[in-house]
Amino acid sequence: MKSLTRKRVLITGGAGFLGSNLADRMIAAGHDVLVADNFFTGTKDNILHLLDNPHFELIRHNITFPLYVEVDEIFNLACPASPIHYQFDPVQTTKTSVHGAINMLGLAKRVKAKILQASTSEVYGDPEVHPQVESYWGRVNCTGIRSCYDEGKRCAETLFFDYWRQYKLRIKVIRIFNTYGPRMHPNDGRVVSNFIVQALQNQDITLYGSGNQTRSFCYCDDLIEGMIRMMDSEDDFIGPVNIGNPGEFTIRELAEKVIAMTGSKSKIVYQPLPQDDPKQRRPDISLAKEKLDWQPTINLDEGLKRTIAYFDQLLTQRNSN
Ligand code: NAD
Ligand code: UDP
Ligand code: UDP
């Protein structure tokens, strides 16, 4: 039996960076939260503060296997997000996106839950349309080293839309652009965490390629707000909808910003650009503005300040242990 206002929410990948931030928000809003995570990239540390809460529950579970629970809403976030992690076991990455989506959609179908997919700007690949709008079909290599992630996420979107067409499931698809903030894994290889951790330790800043490639960086609190608004939107708005910060920076600008903000003695060193690294990326967020009344509120300087403070504390703790 469910209560009238308290929702039973399943977050797959809830021990990860975004999932744990979402779990905090859902607990604070008074919901029952169930996290299913296999701890491939996530860690109990991210949710340690929730473990004693009677409205929070954690299960160690790999979503490529069936899961039978009774819930009202499912946020499907389970999937490694950083290139070094999703390329570590690429077959498992595709399985997580594809078999994982089938299982979570099957679950949503059985219990009549609403289900949100954390898709990605990677579905646009190395885009020729700039900024990226949802109607753009993308330019993705299906045999390269990023394909396990990109094509897995594209197939997951297909499954979501087919379950919607075939079974009238209530689906929601968001395309997340590069997001950063506290609880990113310090060694997960993504550019913001890499640069901050390197700068704080006065180590070389590893710039891949010329550094002229661009990305748009969204602070995690803004992203989570957009994700929740999407879940709460009218049933007839299913997406896909871009959620990201339209501010666009070259990776060299980001490196210089991080060095300046940390007062670091680090030097920039140039390393080869990984295969299929997209040259540019910036979301067109008109649809999110119109349908969700959402736009980011935290600019890169403010977000970096908070993220630097987080990693500074983390590294200080590690050094004192
Ligand atoms: P993350 O690696 O911190 O979190 C992913 C979580 O999923 C981890 O806790 C991991 O242990 C778990 N997981 C992985 N495979 C699993 C499996 N088979 N079964 C159960 N759990 C599994 O990454 P994140 O940045 O928090 O990303 C969360 C979601 O958002 C991912 O689906 C990612 O593709 C998507 N996304 C993130 C970004 C970003 O910039 N952070 C951008 C686009 C999309
Ligand atoms: N599934 C699950 N939990 C449920 C219901 C289904 O994990 O509560 C899985 C089930 O293992 C199945 C998948 O979801 O393989 C797809 O379910 P669906 O009902 O769509 O397909 P079917 O079972 O008919 O193949
Ligand atoms: N990058 C970099 N140095 C690093 C890590 C990443 O120059 O130490 C570059 C990377 O080549 C890419 C951009 O920063 O052009 C963003 O990389 P990330 O892995 O964070 O995200 P994605 O490529 O998936 O957008």
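For the structure itself, look to the data block above.
Residues numbered from 1 in each chain as written. Chains lettered and ligands numbered in written order. Predicted model: local features only at pLDDT ≥ 70, side-chain atom pairs only at ≥ 80, totals over all residues. Heavy atoms only, no water.

Undergrad: Explanation requested: the site of ligand 2 in the structure shown.
TA: Taken together, Pro66, Leu67, Tyr68, Ile102, Asn103, Gly106, Leu107, Lys109, Arg110 and Tyr163 make up the full set of residues adjacent to ligand 2. At 2.7 Å, a backbone N or O of Leu67 approaches a nitrogen atom of ligand 2. One of the side-chain nitrogen or oxygen atoms of Arg110 is found 2.6 Å away from an oxygen atom of ligand 2. Within the complex, the protein chains bury 64% of what would otherwise be the 510 Å² of accessible surface of ligand 2. Residues of the shell around ligand 2, tallied by class, amount to 6 nonpolar, 2 polar and 2 charged. (Near = heavy atom within 4 Å. Polar contact = N/O pair within 3.5 Å; in protein donor to acceptor, adjacent residues only side chain to side chain. Areas by Shrake-Rupley, 256 points an atom, 1.4 Å probe, with all protein chains shown as cover. Nonpolar A, V, L, I, M, F, W, Y, C, P; charged D, E, K, R; others polar.)

Undergrad: Just to check I follow, could you spell out the pattern of salt bridges for this structure?
TA: Side chains that differ in charge, positive against negative, can pair when their charged atoms come close. Summed over all chains, the structure comprises 24 salt bridges. Measuring nitrogen to oxygen at the nearest pair gives 3.1 Å for the salt bridge that ties Lys7 to Glu73. Of this pair, Lys7 sits in the segment before β1 (8–12) while Glu73 is found in strand β4 (residues 73–76), placing the two residues 66 residues apart along the sequence. Glu73 gets classed as buried once you look at its relative accessible area, which sits at 4%. (Salt bridge = Lys/Arg side-chain N within 4 Å of Asp/Glu carboxyl O. Helix = DSSP H or I, 4+ residues; strand = E, 2+ residues; numbered from the N terminus. Buried < 20%, exposed > 50% of the residue type's maximum accessible area, 1.4 Å probe, protein only.)

Undergrad: Explanation requested: the environment of Arg110 in the structure shown.
TA: By the element assignment, Arg110 lies in helix α3 (residues 90–111). Classification of Arg110 by relative accessible area gives partly exposed; the value is 37%. In the structure, Arg110 is positioned 52 residues away from Leu58 in sequence and 21 Å away in space, judged by C-alpha atoms. Apart from residues no more than four positions distant in its own chain, Arg110 is found in contact with Tyr68, Val69 and Glu70. (Contact = heavy atoms within 4.5 Å.)

Undergrad: Even after reading the chapter, I still don't get the site of ligand 3, so can you show me in this structure?
TA: In the vicinity of ligand 3 there are 18 residues, among which Asn194, Thr206, Arg215, Asp277 and Arg281 approach most closely. In this structure, Val191 approaches ligand 3 through a main-chain N or O atom, which is 2.8 Å from an oxygen atom. For ligand 3, an oxygen atom lies 2.6 Å from a polar atom in the side chain of Asp277. Notes on ligand 3: free accessible area 520 Å², of which the protein chains cover 95%. The set of elements that each furnish at least two residues to the shell around ligand 3 consists of α5 (191–200) and β8 (205–208). Taken together, the residues that form the shell around ligand 3 break down as 7 nonpolar, 5 polar and 6 charged.

Undergrad: Would you take a moment to explain the packing of helix α1 (residues 17–28) against helix α6 (residues 220–232) for this structure?
TA: The relative placement of two packed helices comes down to the angle between their axes together with the axis-to-axis distance. The interhelical angle for the contact between α1 and α6, taken along N-to-C directions, is 65°, at an axis separation of 10 Å. Read as a crossing pair, α1 and α6 show a hand that is right-handed. Of α6, the residues touching α1 (which contributes Phe17, Leu18, Asn21, Leu22, Arg25 and Met26) are Cys220, Leu223, Ile224, Glu225, Met227 and Ile228. Classifying every residue of the contact of α1 with α6 gives 9 nonpolar, 1 polar and 2 charged. (Axes fitted to C-alpha atoms, helices over the stretch in contact; angles between N-to-C directions. Left-handed = near helix turned anticlockwise from the far one by under 90°.)

Undergrad: Would you mind showing me how to read the pairing of strand β6 (residues 171–176) here?
TA: The two faces of a sheet get side chains in turn, since along a regular strand they alternate between them. Of all 6 residues that make up β6, 6 are buried, and the element is covered over most of its length. Residues Ile171, Val173 and Arg175 point to one face of β6 and Lys172, Ile174 and Ile176 to the other, with burial holding for every one of them. Sheet topology note: the strand β5 (residues 114–120)/β6 ladder contains 6 bridges and is parallel. Each residue of the ladder has a partner; that of Leu116, found in β6, is Lys172. For the crossover that starts at β5, traverses helix α4 (residues 147–167) and ends in the parallel β6, the hand is right-handed. (Pairing = 2+ DSSP bridges. Right-handed = clockwise from strand over helix to strand, strands pointing away.)

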